[in-house]
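Next come the chains, spelled out residue by residue.
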Amino acid sequence: MGTIFDEIKIKSPQEKIESTVKIEIKDLSEFGITDRFFDEITKVYMKAYEGMEEYGEPTEKHARKYIRWLINHSDFFKILYDKKTGIIGFIACSSEWWWNGKTGEIHEICITPEFQKMGLGKFLIMQAIEYFKIKGVNKVGLWVGANNEKAIRFYKSLGFDFTGESFPRWMRMEKEI
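### Quick word on the overall build of the protein chain
Within the protein chain, the secondary structure is distributed over four helices and eight strands. Ordering the α and β elements of the protein chain from the N terminus gives β-β-α-α-β-β-β-α-β-α-β-β. Looking at the protein chain as a whole, 45% of its 177 residues qualify as buried. Summed over its atoms, the accessible surface of the protein chain is roughly 9,800 Å², and 50% of this surface lies on carbon and sulfur atoms.

Okay, structure coming up:
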């Protein structure tokens with residue numbers, strides 16, 4: 001789909017040097033589903049859940065299995081890609097989910113910590129919402145970690161509200177579109 005942000009200034013955590021990057025959003029079909037791909041996207045997933053291990057998969061092996069499940073159950077799977085860094089984030093969604101009626105379900109969104117707070121997560125969610133509208137979906141849902149205050153604030157800022165449904169450690173949020 002091309003470059004989404006021409007210039008983003010970031011500071012490398014190791015080098016403390018500011019640099020400019022070009023980030024592209026790519027469809028899953030632009031990648032070969034190879035061991036190298038799984039290694040790279042698994043590292044992104046594991047990094048995104050650092051400090052919130054109670055919500056992520058416990059090992060890289062489990063994460064790979066989960067990512068394979070996401071690929072098989074998502075009709076909207078977009079990847080954030082930087083030519084220097086590689087994969088830096090992704091979103092996996094389904095427009096054919098049923099939860100109290102037809103729902104556009106956001107199964108997963110991960111962005112590596114050094115690329116967070118740059119508008120990339122909001123961009124991915126807005127892309128998913130546009131996709132859901134095209135598919136005739138009028139409600140978007142997701143599950144969020146009950147104690148993940150950062151994610152809860154993020155989703156609330158995008159108009160998601162709690163439904164009152166929960167599982168141990170997880171709470172349901174939805175948004176009408």
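From this point, things continue past the structure.
### Examining the packing of aromatic side chains
The final tally for this structure, using the stated rule, is 16 aromatic pairs. Considering the side-chain rings of Tyr-45 and Tyr-49, the 4.8 Å spacing of their centres and the 45° angle between planes classify their relative orientation as tilted. The ring of Tyr-81 has Lys-26 lying over it, and the distance from NZ or CZ to the ring centre is 4.7 Å.

### As for the nonpolar core
Here is a general trend for soluble globular proteins: nonpolar side chains tend to be buried in one another's company. Counting residues in each nonpolar core, the largest one holds 29 residues, and the members touching the most others are Leu-80, Ile-91, Ile-106, Ile-125, Phe-132, Tyr-155 and Phe-160. At the level of elements, strand S2 (18–27), strand S3 (76–82), strand S4 (86–98), strand S5 (102–111), helix H3 (120–134), strand S6 (139–145) and helix H4 (149–157) are the ones that each hand at least two residues to this core. The element contributing the most residues to this core is H3, with seven residues. Filtering out sequence-adjacent residues up to four positions away, Ile-91 remains in contact with Phe-76, Phe-77, Lys-78, Ile-106, Glu-108, Ile-109, Leu-124, Ile-125 and Ala-128. Counting 22 residues, the second largest nonpolar core, distinct from the first, contains Val-44, Tyr-45, Tyr-55 and Ala-63.

### Side note on unusual backbone geometry
Even without being a glycine, Asn-100 presents a positive backbone phi close to 55°. Exposure remark for Asn-100: the relative accessible area of 60% places this residue in the exposed category. The residue Lys-117 is not glycine, and still its phi comes out positive at about 65°. Mapped onto the secondary structure, Lys-117 falls in the loop between S5 and H3. In this structure Lys-117 comes out as exposed when scored by relative accessible area, which is 77%.

### Points about the pattern of salt bridges
The final tally for this structure, using the stated rule, is nine salt bridges. The shortest N-O distance in the salt bridge between Lys-78 and Asp-27 comes to 2.7 Å. Of this pair, Lys-78 sits in strand S3 while Asp-27 sits in strand S2, placing them 51 residues apart in sequence. According to the relative accessible area criterion, Lys-78 is buried, its value standing at 10%. We note a salt bridge from Asp-35 to Arg-64, for which the minimum N-O separation is 3.5 Å. Taken together, the residues span a long stretch of sequence, with Asp-35 in helix H1 (residues 35–48) and Arg-64 in helix H2 (residues 60–73) at a distance of 29 residues. By sharing partners, the salt bridges in this structure join Asp-35, Asp-39 and Arg-64 into a single network.

### Notes on the layout of surface pockets
Of the voids in this model, the largest pocket is the one considered here, and its volume is about 1,100 Å³. For the largest pocket, the lining is made up of 42 residues, of which Tyr-49, Ile-109, Asn-148, Ala-151 and Tyr-155 are closest to its centre. Put simply, the parts of the chain that give the lining of the largest pocket at least two residues each are H1, H2, S5, H3, S6 and H4. In terms of residue count, the dominant contributor to the lining of the largest pocket is S5 (seven residues).

### Considering the environment of Lys-47
When you line up the elements, Lys-47 lands in helix H1. A relative accessible area of 31% places Lys-47 in the partly exposed class. What Lys-47 contacts, discounting residues up to four positions off in sequence, is Thr-112, Pro-113 and Glu-114.

How each quantity is defined
- Residues numbered from 1 in each chain as written.
- Predicted model: local features only at pLDDT ≥ 70, side-chain atom pairs only at ≥ 80, totals over all residues.
- Heavy atoms only, no water.
- Helix = DSSP H or I, 4+ residues; strand = E, 2+ residues; numbered from the N terminus.
- Buried < 20%, exposed > 50% of the residue type's maximum accessible area, 1.4 Å probe, protein only.
- Areas by Shrake-Rupley, 256 points an atom, 1.4 Å probe, with all protein chains shown as cover.
- Phe/Tyr/Trp six-rings, centres within 6.5 Å; stacked < 30°, edge-to-face > 60°.
- Lys NZ or Arg CZ within 6 Å of the ring centre and 35° of its normal.
- Core = buried A, V, L, I, M, F, W, Y, C linked by side-chain atoms within 4.5 Å.
- Contact = heavy atoms within 4.5 Å.
- Salt bridge = Lys/Arg side-chain N within 4 Å of Asp/Glu carboxyl O.
- 1 Å grid on protein atoms, 1.4 Å probe; cavity = no way out; pocket = protein on both sides within 12 Å on 5 of 7 lines; lining within 4 Å.
- Points joined across faces, edges and corners; volume = space filled by probe spheres on them.

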